[in-house]
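Descriptive analysis of the structure
Residues per chain, in single letters:
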Amino acid sequence: MKTLTRNAYAKVNLALDVLRRREDGYHDVCMIMQNLSLYDTLTFTVEEADTLTITLACDKAFVPCDARNLIYKAIALMGETYHLTGHVHVELVKRIPVEAGMAGGSTDCAAAFHAMRELYGLDVSDQELMKLGVKLGADVPYCIMRGTALAQGIGEKLSQLPPMVKCPVLIAKPSVSVSTKFVYQNLKLDENTKHPDIDALISAIKKKDFPEICGKMGNVVESVTIPNYPVIAEIKEKMMEAGAAHAMMSGSGPTVFGLFEDEETAQRARDVMKASGLARQVYLTSIYNNRRK
Ligand code: ATP
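This text gives an overview of the structure that appears in the document. Note that the coordinates shown come from a computational prediction; the quantities given were computed from them, not determined experimentally. (Residues numbered from 1 in each chain as written. Predicted model: local features only at pLDDT ≥ 70, side-chain atom pairs only at ≥ 80, totals over all residues. Heavy atoms only, no water.)

As a further point, take the overall build of the protein chain. When helices and strands are tallied, the protein chain shows ten helices and eleven strands. In terms of overall size, the protein chain behaves like a compact globule, its C-alpha atoms giving a radius of gyration of 19 Å where 293 residues would be expected to give roughly 19 Å. Principal-axis analysis of the C-alpha atoms places the extent of the protein chain at approximately 60 × 45 × 35 Å. Scored against the burial criterion, the 293 residues of the protein chain give a buried share of 54%. Of the contacts formed within the protein chain by residues at least 6 apart in sequence, a portion of 75% connects residues at least 24 apart. Of the roughly 13300 Å² that the protein chain leaves accessible, carbon and sulfur atoms contribute 48%. Once the 34 positive and 35 negative side-chain charges of the protein chain are each reduced to a mean point, those two points are 1 Å apart. (Helix = DSSP H or I, 4+ residues; strand = E, 2+ residues; numbered from the N terminus. Rg over C-alpha atoms; globule rule 2.2 N^0.38 Å. Buried < 20%, exposed > 50% of the residue type's maximum accessible area, 1.4 Å probe, protein only. Contact = heavy atoms within 4.5 Å. Areas by Shrake-Rupley, 256 points an atom, 1.4 Å probe, with all protein chains shown as cover. Lys, Arg positive; Asp, Glu negative; His and termini not counted. Charge placed at Lys NZ, Arg CZ, Asp CG, Glu CD.)

Here it is, written out as structure tokens:
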């Protein structure tokens, strides 16, 4: 029997721009992705067997533990592609908020690809894993790569960027549920759309200029979520009042994250946010830059 434990890190989008709707219904995007030190923990055990079987257990009852789970899908896809056999069991400790715009499922999926490669001693490159990963979700290739990255195409064309300035990050997720499909279907791109200046953000990241980074961040899909879920704007405002250098929605929401210059202000802001009752989940975390070993 072999055992392996891996952490799967959450992400936020320092910028999210949508360029166009494609013929196939997907959207071409341009995003800056960044990991946070908030993570799920996955423990894998493999026992010999004639066929491939998969079981999954999670400490949170609302996470599906069957073939709908992206961990299950990643193991099944690895099994099919590389003709693997054995009984794989995964214990998932879920800390990343679910349906939050923080790629919780995608990062678990990426961790499963890496763990399977290691457990079975497969000679497969990260690039190959990313090609498989995009079949399961547009954010999966980034989660396989990690760190600070520019993502284009549907999110699968990745370029690594220099690491983002490390700072405290406050996460606040309101109790509303936001469907990614609803957000993209209702996104209107016209001459009035305020697009973030991603080139300027990249140069600010390269210069490690924190105020400039904060000034250039932006998320185009807030134009859909904020009018429909005003609590997102209220959380942003509250975080800014509490001293955030910048506060913005991650992905298609509804989680808001705030970047802070110092830990003390961030801790006070966490208490303010908890007391406000605007968010159901509030966590203080930080930028995480370690790429995969
Ligand atoms: P993204 O930022 O990539 O849009 P998200 O934060 O919006 O992700 P997830 O937390 O990944 O969304 O979960 C979306 C749905 O996926 C959940 O409702 C859940 O049923 C399903 N799911 C599948 N695998 C997982 C997993 N490993 N962890 C959490 N949810 C999962």
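With that settled, the discussion passes to the sheet that holds strand β10 (residues 256-259). What the four strands build is an open sheet, ordered β9-β10-β7-β11; its pairing is antiparallel. Each end of this open sheet is capped by a strand with a single partner; those strands are β9 (246-249) and β11 (281-286). In this sheet, neighbouring strand axes are inclined to one another by 20 degrees on average, regardless of whether the strands run parallel or antiparallel. The sheet contact formed by strand β7 (residues 168-173) and β10 spans four bridges and is antiparallel. Across the sheet, the residue bridging to Leu170 is Gly258, located in β10. Against the sheet, helix α10 (residues 263-276) makes contact with β7 and β11, and its axis sits at roughly 170 degrees relative to β11, the strand it touches most. (Pairing = 2+ DSSP bridges. Axes fitted to C-alpha atoms, helices over the stretch in contact; angles between N-to-C directions.)

With that out of the way, let us pick up the pairing of strand β4 (residues 86-93). With seven bridges joining them, strand β2 (residues 27-47) and β4 adopt antiparallel strand pairing. When the bridges of β4 are listed, Leu42 appears paired with Leu92. Sheet analysis places strand β3 (residues 52-58) next to β4, joined by seven bridges and oriented parallel. Directly across from Leu52, in β4, lies its bridge partner Gly86.

Once that is clear, we can look at the side chain of Lys173. You can see Lys173 is positioned in strand β7. Glu99 provides the closest opposite charge to the buried, unpaired Lys173, separated from it by 6.3 Å. In terms of polar contacts, Lys173 uses its side chain to reach the backbone carbonyl oxygen of Val98, at 3.3 Å. Setting aside its immediate chain neighbours within four residues, Lys173 contacts Pro97, Val98, Glu99, Ala100, Pro254, Thr255, Ala279, Arg280 and Gln281. (Salt bridge = Lys/Arg side-chain N within 4 Å of Asp/Glu carboxyl O. Polar contact = N/O pair within 3.5 Å; in protein donor to acceptor, adjacent residues only side chain to side chain.)

Let's shift gears to the environment of Pro254. On the secondary structure map, Pro254 appears in the loop between β9 and β10. Through-space distance from the C-alpha of Pro254 to that of Ser177 is 7.1 Å; in sequence the pair is 77 residues apart. With sequence-adjacent residues up to four places away left out, Pro254 is seen in contact with Glu99, Ala100, Ala172, Lys173, Pro174, Val176, Val178, Ile232 and Met249.

Taken together, 17 residues sit near the ligand, with Leu70, Glu99, Ala100, Ala103 and Gly105 positioned nearest. In the model, a nitrogen atom of the ligand is placed 2.9 Å from a nitrogen or oxygen of the Leu70 main chain. At 2.8 Å, a backbone N or O of Ala103 approaches an oxygen atom of the ligand. Compared with its free state, where it exposes 610 Å², the ligand has 79% of that area covered by protein. Counting residues per element, the shell around the ligand draws most heavily on helix α2 (residues 104-119), at four residues. In terms of residue class, the shell around the ligand is made up of six nonpolar, five polar and six charged. (Near = heavy atom within 4 Å. Nonpolar A, V, L, I, M, F, W, Y, C, P; charged D, E, K, R; others polar.)

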